[in-house]
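Read off the chains here:
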Amino acid sequence: MKKYVSVAVMIVLSFMSVTSNAFAKENGVTILPKEQTTVIQQQNVINADDIEISEIEITSVEPIKSDITEIDTNDVVVKWQENAVQEQENEIAFVEETVAPEDYIPVLMYHHFKEEEVPDGDGANINIEEFEQHLKALNEAGYTTIFLNDLNHVMQQVQEGKEMGITQPELHMNGKYVVITIDDGYRSNYELAYPLLKKYNMKACISVITSRIHHGYIYTEKEIDKMSWDNLNEMQQSGLIEIFSHTYDHKPVEDRVYEDVRSSVTKGEEMLDKELEVRSPVNVLTYPNGSYTKNMTVLMRAYMGYDLQLTTNSGVVNRNTSILEIPRITVNSGWSGEQLLQKIEQTAQKTFQKE
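Here we summarise the structure given alongside this text. All values derive from a computational prediction rather than experimental measurement. (Residues numbered from 1 in each chain as written. Predicted model: local features only at pLDDT ≥ 70, side-chain atom pairs only at ≥ 80, totals over all residues. Heavy atoms only, no water.)

## What about the pattern of salt bridges?
Overall, the coordinates contain 9 salt bridges when judged by the stated rule. One salt bridge in this structure joins Arg212 and Glu223, with 3.0 Å as the shortest N-O distance. Here Arg212, found in helix α6 (residues 210-213), pairs with Glu223, found in the loop between α6 and α7 (229-237); they are 11 residues apart in sequence, far enough to count as distant. Comparing Arg212 with Glu223, the two get one shared label, buried. Arg279 serves as the salt-bridge partner of Asp273, at 2.6 Å between the closest nitrogen and oxygen. For Arg279, a relative accessible area of 27% puts it in the partly exposed group. One network of salt bridges, with partners in common, ties together Arg212, Glu223 and Lys226. (Salt bridge = Lys/Arg side-chain N within 4 Å of Asp/Glu carboxyl O. Helix = DSSP H or I, 4+ residues; strand = E, 2+ residues; numbered from the N terminus. Buried < 20%, exposed > 50% of the residue type's maximum accessible area, 1.4 Å probe, protein only.)

## Things to note about the pairing of strand β8 (residues 204-208)
Summarising burial for β8: 5 of the 5 residues are buried, a large majority. Burial along β8 is two-sided: Ala204, Ile206 and Val208 facing one way and Cys205 and Ser207 facing the other are all buried. Where strand β7 (residues 176-184) meets β8, 4 bridges bridge the pair, whose relative direction is parallel. From the neighbouring strand, Thr181 faces β8, where its bridge partner is Cys205. In terms of handedness, the path from β7 via helix α5 (residues 187-199) over to β8 forms a crossover that is right-handed. (Pairing = 2+ DSSP bridges. Right-handed = clockwise from strand over helix to strand, strands pointing away.)

This is the structure we're talking about:
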């Protein structure tokens, strides 16, 4: 009987070795001999406007210990399958437990702010008191607001890391960072949100529909007033606001041809160049209604030179994020500050589980 048990053990260990080597080859993992498994160390520090990103340092790799004394040969396959399922469950639990705020950057999306109550679940309007709760919660949780220009620097360094062979999705930054974006350019951004941003010394990036801000634009009865160019220049001069294009006319991409989309985009950029006293060093396009095609993002990058393209796709930014499709978290009315933080964490977990 012991002879058959020994044979069974050898078969299982051989199968595990082959499977492990195949997995390592497929995922680019190097399996070292025992004598070389004492220290594996890789350090790559990235600085981007005081945002430091570094790789995990592994100081030691302990050999796997096994105390197999007896194996029921009839249970070999069953036990192997049970272990495989348990390992998969452990991996999922590990991801959920170890996604730290320093490993990603959430990009929040707001639109219009109101003093009156707003029904819960509105992704386009939010009560200004709720917005203040969000700012307080982010501050108290240790988040630092950064510009899209800062995010672009981080993404550039991430690309350099990829070229060096870094494949892990985590950013491993030296702090917790968040980007606040506000779309369309409503007057409430200046009258309600801007004073709070100054109060808490927090930054935001506003993407405006440039034709609506033109001095001669006539609003319809249902349309909400937008800001003036004076408002935009004042906010940008404060050092707390960056202004970007939400196109000239806010027409969704949908099935439009490139030449038509390019016309809307070009007009928008030309108005920003003409009316703004200062332009951000980073080129950003925020797609109207989040509508875009992958082909359009490539063309906008190649021919219009956009560094970042913002979508309404849900997710957080990590090493695997494409600069052509920056995801954002739509902030809904009715969220408390604590609920916002929970939503950020939940979105991060979902993002990493997809990797």
